[in-house]
Amino acid sequence: MSLELPRRIPLAITPTPLEYAERLSVAWGGPRIWFKRDDLTGFGLSGNKVRKLEFHLAAAIDKGADTVVTCGSLQSNHSRATALACARLGLHCVLLLRRREGEEADLSGNLLLDQLAGAEIRYITPADWDRRDELLVTEAASQNDQGRLCWVIPEGASDGLGMWGFVLALREIADQAAAIDGSSPVLWHAASSGGTTAGIGWGVDRLGLKLRIVACSIGDPGATIRAKVEAILAEAAAQLGIDPPRPHIEYNDAHVGGGYGVVTDEELEVQAEATRLTGLIFDPTYTGKALAGLHREIGEGRYGPGENIVFWHTGGGFAVFAHDFSRIVAAEDPGAPDA
Ligand SMILES: Cc1ncc(COP(=O)(O)O)c(C=O)c1O
């Protein structure tokens, strides 16, 4: 790829490894399962988000910004990653976090880390969330009125700038996947705000990689994710004055269940089983849900022996501490200590 990419600030430790999960593959009895370990990007366990932030925060600093405003759910991985990255770079960080009426803002998981990193937090309602882009601009204007200079990062840093983080990641996969024997690997990943999928799609298309892409939605209908991805690809292409690529992507929304953040006991069981068989930590909202979807499809015979699945482990491990696992993991009563 001879494109000159926008400037970035290296924050992630890359390339992240691609690892074969033998015990999980044998136990699930189907394809060979590999993990692209973006849970090891090394930046506050930032997972996929830090790749996109490298580009956004470079742009913020180049514009002379001293403050960053972004948004997410109460336990947003993106918001936590932004708060930590801003702390590293000495930028003030303001987070608009979506909070349902009556929802406890417990100091746990990502929300605790947001606060430890010194982010300024404002809660917004689900109704406000529908006009989050407008609210980000209003918040930035109000910060600017106080003498700051703000850079706005959209939800998930998923736009024509943040996407480049994943295009770069595809260069890593290009080398790593070449070592996989057998059928073209399926790149299975959790999809939400679309930036990860857009970067993967751009990279696969432009590098001419023989990889099949499955964007496993964790909340939205497939058509919504597709629209977000196409808008991001179009924005990035317009900035370069070229036609957007049209990668073949399967938008799989068969596993959204009750919607964003709603997790069944069956999904928690699959996630816990995967942890027992790999030693890896998954979060119920994103990677755990996407993995449960993969497990279901293997059970239905969609992927069989001889096939390869590269599951992109996009991180998010802290959210595990903000979910209720008591439904499936009984707390042991330590009882009296042994005499
Ligand atoms: C752990 C994790 N995986 C996957 C995703 C989905 O990535 P994207 O929003 O780029 O679609 C997110 C987004 O928040 C995430 O936090």
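What counts and how
Residues numbered from 1 in each chain as written. Predicted model: local features only at pLDDT ≥ 70, side-chain atom pairs only at ≥ 80, totals over all residues. Near = placed C-beta within 6 Å. Helix = DSSP H or I, 4+ residues; strand = E, 2+ residues; numbered from the N terminus. Nonpolar A, V, L, I, M, F, W, Y, C, P; charged D, E, K, R; others polar. Expected span 1.5 Å × (residues − 1). Buried ≥ 20, exposed ≤ 12 C-beta atoms within 10 Å, placed from the backbone. Contact = placed C-beta atoms within 7 Å. Domains from an automatic or database assignment. Axes fitted to C-alpha atoms, helices over the stretch in contact; angles between N-to-C directions. Parallel < 35°, antiparallel > 145°, perpendicular 65-115°, else oblique. Left-handed = near helix turned anticlockwise from the far one by under 90°. Pairing = 2+ DSSP bridges. Core = buried A, V, L, I, M, F, W, Y, C linked by C-beta atoms within 7 Å. Right-handed = clockwise from strand over helix to strand, strands pointing away.

### Focus: the site of the ligand
- Neighbouring residues of the ligand: 20 residues in total, closest Asn77, Ser193, Thr196, Thr314 and Gly316.
- Where the shell around the ligand is concerned, the elements lending two or more residues are helix 3 (77-89), strand 7 (186-191) and helix 8 (195-207).
- For the shell around the ligand, the element with the most residues is helix 8, which contributes 3 residues.
- The residue makeup of the shell around the ligand, split by class, is 3 nonpolar, 16 polar and 1 charged.

### Details of helix 7 (residues 164-177)
- Between its terminal C-alpha atoms helix 7 stretches 20 Å, which fits the 20 Å expected from 14 residues at 1.5 Å a residue.
- Regarding helix 7, the residues found buried are Trp164, Gly165, Phe166, Val167, Ala169, Leu170, Ile173 and Ala177.
- For helix 7, the secondary structure elements touched by its buried residues are strand 2 (32-37), helix 2 (49-62), helix 8 and strand 10 (308-313).

### Remarks on the domain arrangement of the chain
- As assigned here, the chain comprises domain 1 (18-47 + 159-322) and domain 2 (65-148).
- Between domain 1 and domain 2, the C-alpha centre-to-centre distance is 26 Å.
- In this assembly, 11 residues from domain 1 lie in contact with 11 residues from domain 2.
- The residue inventory of the side of domain 1 that touches domain 2, partitioned by class, reads 5 nonpolar, 6 polar and no charged.

### Looking at the packing of helix 3 against helix 4 (residues 109-116)
- Two elements in contact, helix 3 and helix 4, have axes whose closest approach is 9 Å; the angle formed by their N-to-C orientations is 20°. Taken together, the axes of helix 3 and helix 4 are roughly parallel relative to one another. Crossing handedness for the pair helix 3 and helix 4: left-handed. When helix 3 is examined against helix 4, the residues Asn77, Ser79, Arg80, Ala83 and Leu84 are found in contact with a partner set consisting of Asn110, Leu113 and Asp114.
- For the contact of helix 3 with helix 4, a count of residues per class yields 3 nonpolar, 3 polar and 2 charged.

### Considerations on the sheet that holds strand 2
- As summarised here, the arrangement of the 6 strands in space is 1-2-10-7-8-9, forming an open sheet in which the pairing is mixed. In the strand order of this sheet, the two ends are held by strand 1 (18-20) and strand 9 (249-252), each with one partner. Ignoring strand direction, the axes of neighbouring strands in this sheet form an average angle of 25°.
- One ladder, built from 3 bridges, connects strand 1 with strand 2; its direction is antiparallel. Counted as the bridge partner of Leu18 is Lys36 from strand 2.
- Sheet strands in contact with helix 8 are strand 7, strand 8 (212-217) and strand 9, and its direction is about 155° off that of strand 7.
- The strands touched by helix 9 (residues 222-240) within the sheet are strand 7, strand 8 and strand 9, with strand 9 carrying the most contacts at an inclination of about 140°.

### Some remarks on the environment of Ile281
- Within the secondary structure, Ile281 sits in the loop between helix 10 (265-278) and helix 11 (287-299).
- Residue Ile281 is classed as partly exposed on the basis of its 19 C-beta neighbours within 10 Å.
- The spatial distance from the C-alpha of Ile281 to the C-alpha of Asp39 is 8.6 Å, given a sequence separation of 242 residues.
- Not counting residues up to four positions away in its chain, the partners in contact with Ile281 are Thr275, Gly317 and Val320.

### Some points on the nonpolar core
- Ranked by internal contacts, the top residues of the largest apolar core, which has 53 residues, are Met163, Leu187, Trp188, Ile309 and Phe311.
- No other element matches helix 7, which puts 7 residues into this core.
- Setting aside chain neighbours within four positions, we find Leu187 in contact with Ile200, Leu211, Arg212, Ile213, Val214, Val310 and Trp312.
- The next biggest cluster of nonpolar side chains, apart from the first, holds 35 residues, and it includes Leu57, Leu91, Leu111 and Trp151.

### Some remarks on the pairing of strand 8
- Taking burial as the measure, the 6 residues of strand 8 include 5 buried ones, the bulk of the element.
- Where strand 7 meets strand 8, 6 bridges bridge the pair, whose relative direction is parallel. By the bridge assignment, Trp188 is partnered in strand 8 with Val214.
- One crossover worth recording links strand 7 to the parallel strand 8 by way of helix 8, and it is right-handed.

### A short note on unusual backbone geometry
- Here the bond from Thr14 into Pro15 is cis, since omega is 0°, no more than 30 degrees from zero.
- Secondary-structure assignment places Pro15 in the segment before strand 1.
- Phi at Ala157 takes a positive value of approximately 50°, unusual for a residue other than glycine.
- By the secondary structure assignment, Ala157 is in the loop between strand 6 (150-152) and helix 7.

### Description of the environment of Leu168
- With respect to the helices and strands, Leu168 occurs in helix 7.
- Using a count of 19 C-beta atoms within 10 Å as the deciding quantity, one classes Leu168 as partly exposed.

### Regarding the sheet that holds strand 4 (residues 92-98)
- Strand order in the open sheet formed by 4 strands is 5-4-3-6, with parallel pairing between adjacent strands. The open sheet terminates on both sides in strands that have one partner only, identified here as strand 5 (120-124) and strand 6. Ignoring strand direction, the axes of neighbouring strands in this sheet form an average angle of 25°.
- Where strand 3 (residues 67-73) lies against strand 4, 7 bridges are found, and the strand directions are parallel. Each bridged residue has a counterpart across the sheet, and for Ser73 the counterpart in strand 4 is Arg98.

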